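Remarks on the overall topology
As a plain string of letters, each chain reads:
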Number of protein chains: 4
Amino acid sequence: MATVRFGVVGCGRIGKLHINNLINNVPGAEVIAAADPMLDKSGAREWLAERNITNVSTDYMDVINNPDVDAVMVCSSTDTHSIISLAAVKAGKHVFCEKPVDYDVDKIKAVMAAVDEAGVKFQVGFNRRFDHNHKAVADAVKDGSIGDPHIIIVSSRDPEPPPASYVAVSGGIFYDMMIHDFDMVRYVSGSEVVEVSAVGSCLVNPNLQEESGIPDVDTAVVTMKLANGAIAVINNSRQAVYGYDQRVEVFGSKGMASDGNDLVNTATVMTVDGAVSQKPLWFFLERYNTAFVEQVKCFVDSIVNDKPVVVGAVDGLKPVLIAAAATESCRNGGVYVKVAE
Amino acid sequence: MATVRFGVVGCGRIGKLHINNLINNVPGAEVIAAADPMLDKSGAREWLAERNITNVSTDYMDVINNPDVDAVMVCSSTDTHSIISLAAVKAGKHVFCEKPVDYDVDKIKAVMAAVDEAGVKFQVGFNRRFDHNHKAVADAVKDGSIGDPHIIIVSSRDPEPPPASYVAVSGGIFYDMMIHDFDMVRYVSGSEVVEVSAVGSCLVNPNLQEESGIPDVDTAVVTMKLANGAIAVINNSRQAVYGYDQRVEVFGSKGMASDGNDLVNTATVMTVDGAVSQKPLWFFLERYNTAFVEQVKCFVDSIVNDKPVVVGAVDGLKPVLIAAAATESCRNGGVYVKVAE
Amino acid sequence: MATVRFGVVGCGRIGKLHINNLINNVPGAEVIAAADPMLDKSGAREWLAERNITNVSTDYMDVINNPDVDAVMVCSSTDTHSIISLAAVKAGKHVFCEKPVDYDVDKIKAVMAAVDEAGVKFQVGFNRRFDHNHKAVADAVKDGSIGDPHIIIVSSRDPEPPPASYVAVSGGIFYDMMIHDFDMVRYVSGSEVVEVSAVGSCLVNPNLQEESGIPDVDTAVVTMKLANGAIAVINNSRQAVYGYDQRVEVFGSKGMASDGNDLVNTATVMTVDGAVSQKPLWFFLERYNTAFVEQVKCFVDSIVNDKPVVVGAVDGLKPVLIAAAATESCRNGGVYVKVAE
Amino acid sequence: MATVRFGVVGCGRIGKLHINNLINNVPGAEVIAAADPMLDKSGAREWLAERNITNVSTDYMDVINNPDVDAVMVCSSTDTHSIISLAAVKAGKHVFCEKPVDYDVDKIKAVMAAVDEAGVKFQVGFNRRFDHNHKAVADAVKDGSIGDPHIIIVSSRDPEPPPASYVAVSGGIFYDMMIHDFDMVRYVSGSEVVEVSAVGSCLVNPNLQEESGIPDVDTAVVTMKLANGAIAVINNSRQAVYGYDQRVEVFGSKGMASDGNDLVNTATVMTVDGAVSQKPLWFFLERYNTAFVEQVKCFVDSIVNDKPVVVGAVDGLKPVLIAAAATESCRNGGVYVKVAE
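Residues numbered from 1 in each chain as written. Chains lettered and ligands numbered in written order. Predicted model: local features only at pLDDT ≥ 70, side-chain atom pairs only at ≥ 80, totals over all residues. Heavy atoms only, no water.

1. Thoughts on the nonpolar core
What counts is decided by this rule: Only buried residues count toward a nonpolar core, which is a set of Ala, Val, Leu, Ile, Met, Phe, Trp, Tyr and Cys residues joined through side-chain atoms within 4.5 Å. A 1.4 Å probe rolled over the protein chains alone gives each residue an accessible area, and that area as a share of the maximum for its type sets the label: buried under 20%, exposed over 50%, partly exposed in between. Numbered from the N terminus, helices here are DSSP runs of H or I no shorter than four residues, and strands are runs of E no shorter than two. We call two residues in contact when some of their heavy atoms are within 4.5 Å.
Ranked by size, the top nonpolar core spans 104 residues in total, and within it F6, F122, F174, F182 and M224 of chain A carry the most contacts. Ranked by residues supplied to this core, first place goes to helix α13 (residues 313-331) of chain A with nine residues. With residues near it in sequence (within four places) discarded, F182 of chain A still touches F174, V222, M224, I234, P319, I322, A323 and A326 of chain A. Counting residues in hydrophobic clusters, the runner-up holds 102 residues, among them V111, A140, V193 and V320 of chain C.

Next comes the structure, spelled out in structure tokens:
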């Protein structure tokens, strides 16, 4: 198999995760260049050197212009995703872009147009589609095991809330957290979201709105009408004290497919006080550990064997459109809002 | 303990169920009289005679006017519940009334007023509050184990749809089916429903509306804002092919309480094709078998020990008010509708 | 369907259980007579009268000689089972005999011979064969789902130990407790036990041997070689503090069938401290509640429709032979002992 | 933290697994040398070069004599484990030795003596002690949660049998397979095995004895009396068609700790045919994936922080003594055999 040579832009937590995976866990991939504006201040240069990545820069264009780079992995700060993606695509590179591509619909569409024109592979980092549990649910829907989907329920709760300062710039819960779940609804239903109704409250942190300066919520329920007639519901909480709670259920005309959390271990201790078993894995790095690898393997496969990507630019666009509708609905008491096309 | 002497009005399926339970499974209860308009045509007279119940009539007033009767159990057709209850209460009898008390709010309020005046015990047959699983969830909320409730999810699906002719007179899914779930939300949350948004489709039977002659749905999702700030979601389907699916989940500031279905048995067969385990018990007679007994035991206890009933007339009223709001919301595309007080 | 008229001998706890079941839960059965030596001292006469059973006596021969009695249910003290069974069989009555028929092999064989001669139905009360969970495991073996059985594991633990005085006369753990499990091994394997090795200790009550006066143990593991080549293991404890632990696993050439305990309820409470779920139902009256009914329904069916009984006299004999071998093995350090035929 | 420089002897499947883990997953470890007699024929030289391991040899003494090597990892063929370990220990190297150290008790004792004299760390590769599930069971025993252990049950079944040629030289099921389970019994019980009784059959492959040329079995049950009075049972099968079945249960005076298999995923599909869920992970590379890493992390920690190893040479010796006793017992019809000290 040909080797895909990666240049990585952004060497923070997610960038390092991807680099380690590319080196150790993704056959046919190699990291030959990296860029990060904080290369020296953050210690990234040294970290990269330990992995024999010495072609490094503070300027991402050095990665993009590197003729030996086949694919650019965009792991920079969220507000730069679309800019860097666009530049890389225009330079003829395949791009793996962390989600979200952008919160601005026009900027995503600009990337989509450039991808079409350049004929490169462009994959968005919706890692949960590659989770062994969710994928098994989606597969059961796809292969017809449960018939036509009627009701979809996504429960998605973080173990601890981000700082209010993060929320202030993230666009709020529908953009920074539920965006994954909007993608999940599309993924497991195989259909598009037509209308959404969102309600929410500040139950985890009653002062969230003052602290973040935006009319956000930390507990939210969104109901969706899908194009295929099914109804989907997502519930989000910023804080499940027992850990990362990630479950999907699809109920249909022939049955139900559902999954549970991966637990810390399978042991149970049963005493006079009852049976105590384990909590879910703590957060996304633990739970989606292998999903992070799988998605990149899949991207490499798309490049090497010239297959369509599993999660394309349009999959980056749709959840943003849904998030916009949900945000509007929530700020208007839950009225149904049509999702833009 | 004093014995409570019951007169039963209505000897159809539910009436017979209650009579058998009163005789065999409820200590301190006795059935001394019964009435049913179809006493002879239906074979009820003979069925009752086999159980030594010979004081029988086609006129329910004979039961109500019987001075030896302490408590009347109203198991007649739905449209007569409030009339018979009212008469029995006015005659100074304790009343156990199958749900719904009525679909007409004024008629329920008339019963409530009469109960207050007569000072008798009046219990509504929301049997699910006495289910061992749901009760354990409610208890975990009440005892503070999971902190303040934030999100409540009730999944409630029947194994097979009723005939369209039933739907035509039942008032539709929010009145004849989800009414139990509205009660469940109030029960496990310990709070009141303030506003509801309902969406639904005819996914089980696309011809339901023509066949039933009412604008009903067979798949529905209702979102509720509760007085305590929590958000509740109910999903209903008229047909879960794998059996009666009855699950409740309450997520709160300190954790989550949830239950699962009772299964046909606990056996698992694991082969190269995977691990096959059992389906839920088929329908309410199997699943809520012991709950039917427990609720009547509790009613008898209220009478004998002069305790407040666990499920009173107001608990019969509130779900009807929520059902009215849900029906209105569903017919208006899911707009939020305030629940009347 | 013809009605089977029962006479019950022995009105202690198990006798009453059967009488209630015959009256309320077994269609086609009727209790018309009863006998108990302690009829008046124990309050049994009054208890029976409340159930309209007034043909009562302190002499079991009155039941056996009653020409209206079709079937005798033997619920007397263990040491009288075979005597009363023999008399009833000789009088031409069908007999349902609580286990064990006897601990004396010759006495059981005498009953077997009499049954053959009289041509009546004789069923032994091995209720666990009628448990919904164990039956599903046995059915999976019978229908070939798991192929040829290779390894059988029966875990059977009581919630609390009987008094040492009971053990003193019961014959010890292999006779009064594991006898059910020997039957279970035969039931789920469809094969016979050829040789046994038993080890045990007094871990629950270190003073058991002094207190009971017999060389018994309260924790025991028995390994068995079966005629079909499979190996079976039973483990018993007199005290599982978390409740009655009753599980069966059959591993075979094509897979594994296993069951779990029925739990108090299905609720789980998940907090920072883990997920707490329920314990097993406390003891046999709860766990085998429906099995007690099923076995008698089956017995009635055998009589009414002249079918072979599901658990015959030979099924009463075999476990006693295995218990004898296990007792001998345990007292000799675990040496393998052949089971007599 | 100081870096531990490893030299690896034996670059077959397990050697490569350890090398990859040392490079990628064990902080504070480095691989600086390797040896394998088939260095060139097997392609190992090239494989090592890709990982920048160029100090390689066909002679393991080159690794042992390398002054830069702190620790030797012995992954060579089983019959060379003790020889290479002994040489490495005598050269003052810390040693991580794959199990078994040897099947010859004297050779293991020679290693133990050398380790004592040299004062180096010596760890045996009983990886299952580091499995997240089994460790949680062992921890529950250690911390007193379940009181004194009374009954221990280890179920351990491989997905497919090894070739008869492997069995011919492995010493048979008690040496090559159950040896892990003997260690598990010691690990979770915290006690020593005093006597064993073993029975077995050739149920997976009826021709196993002819094919392997040794009186081996492929289905075995071993019962053990432990020094603390508890009774342990292990069951092994060479072929569980549904995958690697690895479960441990410890029942004690205050409760029970048990674990289940890690499954392929947590999804369940429920239809009219029942609920289908997943099989266990296929084999040890999948199931004990993280355990392989954890044990080496622990070894590195022992070296760097001069702590006692968790699994020492004596832990390599004891299971071999038990395997010898089990083999003898099995060949003598299950008679109890004392384990040598």
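Structure shown, so let's carry the discussion forward.
2. Here we look at the environment of N20 of chain B
Residues and elements named next belong to chain B. Note on placement: N20 falls in helix α1 (residues 13-24). N20 sits 21 residues away from K41 along the chain, and the two C-alpha atoms are 21 Å apart. Not counting residues up to four positions away in its chain, the partners in contact with N20 are N25, W47 and R51.

3. Brief notes about the interface of chain A and chain B
The line we're drawing: As a working definition, buried area equals the accessible area (1.4 Å probe) given up by two parts on being put together, with both sides summed. What makes a salt bridge here is a side-chain nitrogen of Lys or Arg within 4 Å of a carboxyl oxygen of Asp or Glu, nothing more. For the purposes of these results, a polar contact is taken to be a pair of N or O atoms within 3.5 Å, where, inside protein, one atom must be able to donate a hydrogen and its partner to accept one; residues adjacent in sequence count only when each atom of the pair is a side-chain atom.
Every contact between the two is made by 38 residues of chain A and, on the other side, 38 residues of chain B. Summed over both partners, the interface of chain A with chain B comes to about 2,700 Å²; 68% of that surface belongs to carbon and sulfur atoms. Taken as a group, L203, I231 and F251 of chain A account for 18% of the area that chain A buries against chain B, more than any other trio of residues on that side. Applying the counting criterion to the chain A and chain B interface returns four salt bridges. Between E249 of chain A and R157 of chain B there is a salt bridge; the shortest N-O distance is 2.7 Å. Where chain A touches chain B, the interface holds nine residue pairs in polar contact (both at pLDDT 80 or more).

4. Description of the relation of the copies chain A and chain B
Definition in use: A residue counts toward the fit only if its pLDDT is at least 70 in both copies, and the copies are then superposed by least squares on the C-alpha atoms of those residues.
Superposing chain A onto chain B takes a rotation of 180° combined with a translation of 0.0 Å along the rotation axis, leaving an RMSD of 0.0 Å. Expressed as a symmetry operation, the mapping of one chain copy onto the other fits a two-fold axis. Across chain A, the smallest distance between a C-alpha and the rotation axis is recorded for V335 of chain A, namely 2.8 Å.

5. Focus on the pattern of salt bridges
All names here are of chain B. Counting across every chain of the model gives 88 salt bridges over all chains. In this structure, R238 engages D176 in a salt bridge whose closest nitrogen and oxygen atoms are separated by 2.8 Å. With R238 in the loop between β10 (231-237) and β11 (245-252) and D176 in helix α8 (residues 173-176), the pair connects residues that are 62 residues apart, well separated along the chain. Take R238 and D176: they sit in the same class, and that class is buried. Put simply, R247 and D245 hold a salt bridge, and the shortest N to O gap is 2.8 Å. The same class applies to R247 and to D245, which are both buried.

6. A short note on the interface of chain A and chain D
The criterion, for reference: Each residue gets one label: Ala, Val, Leu, Ile, Met, Phe, Trp, Tyr, Cys and Pro are nonpolar, Asp, Glu, Lys and Arg are charged, and the others, such as Gly, are polar. Think of it this way: DSSP has to see at least two bridges between two strands before they count as a pair.
On the side of chain D, 27 residues touch chain A, which itself brings 27 residues to the contact. The interface formed by chain A and chain D contains zero salt bridges. Here chain A is connected to chain D by nine residue pairs in polar contact (both at pLDDT 80 or more). Breaking the side of chain A that touches chain D down by element, the ones donating at least two residues are α6 (132-142), β12 (255-258) and β13 (268-271) of chain A. Per-element accounting of the side of chain A that touches chain D gives the leading share, five residues, to α6 of chain A. Considered class by class, the residues forming the side of chain A that touches chain D number eleven nonpolar, 13 polar and three charged. Sheet analysis places β12 of chain A next to strand β13 (residues 268-271) of chain D, joined by three bridges and oriented antiparallel. Paired with M256 of chain A across the two strands is M270 of chain D, which belongs to β13 of chain D.

7. Brief notes about the relation of the copies chain A and chain D
Superposing chain A onto chain D takes a rotation of 180° combined with a translation of 0.0 Å along the rotation axis, leaving an RMSD of 0.0 Å. A high fraction, 100%, of the interface residues of chain A reappear at the interface in chain D, so the copies pair face to face through one surface.

8. Here we look at the state of the cysteines
Residue and element names in this part refer to chain C. The test is simple: Note on terminology: disulfide denotes any pair of cysteine sulfur atoms within 2.5 Å.
This structure, assessed with the given rule, holds zero disulfides over all chains. Left unpaired, C97 is separated from the closest cysteine sulfur, that of C75, by 8.6 Å. Residue C202 stays outside any disulfide, its sulfur separated by 8.9 Å from that of C330, the closest cysteine.

9. Side note on unusual backbone geometry
Peptide bonds are mostly trans, and most non-glycine residues show a negative phi. Residues and elements named next belong to chain B. The omega angle of the peptide bond from K99 to P100 is -5°, so this bond is cis rather than trans. Residue placement: P100 occurs in the loop between β5 (94-97) and α5 (105-118). Phi at D306 takes a positive value of approximately 45°, unusual for a residue other than glycine. Residue D306 is classed as exposed on the basis of its relative accessible area, which comes to 59%.

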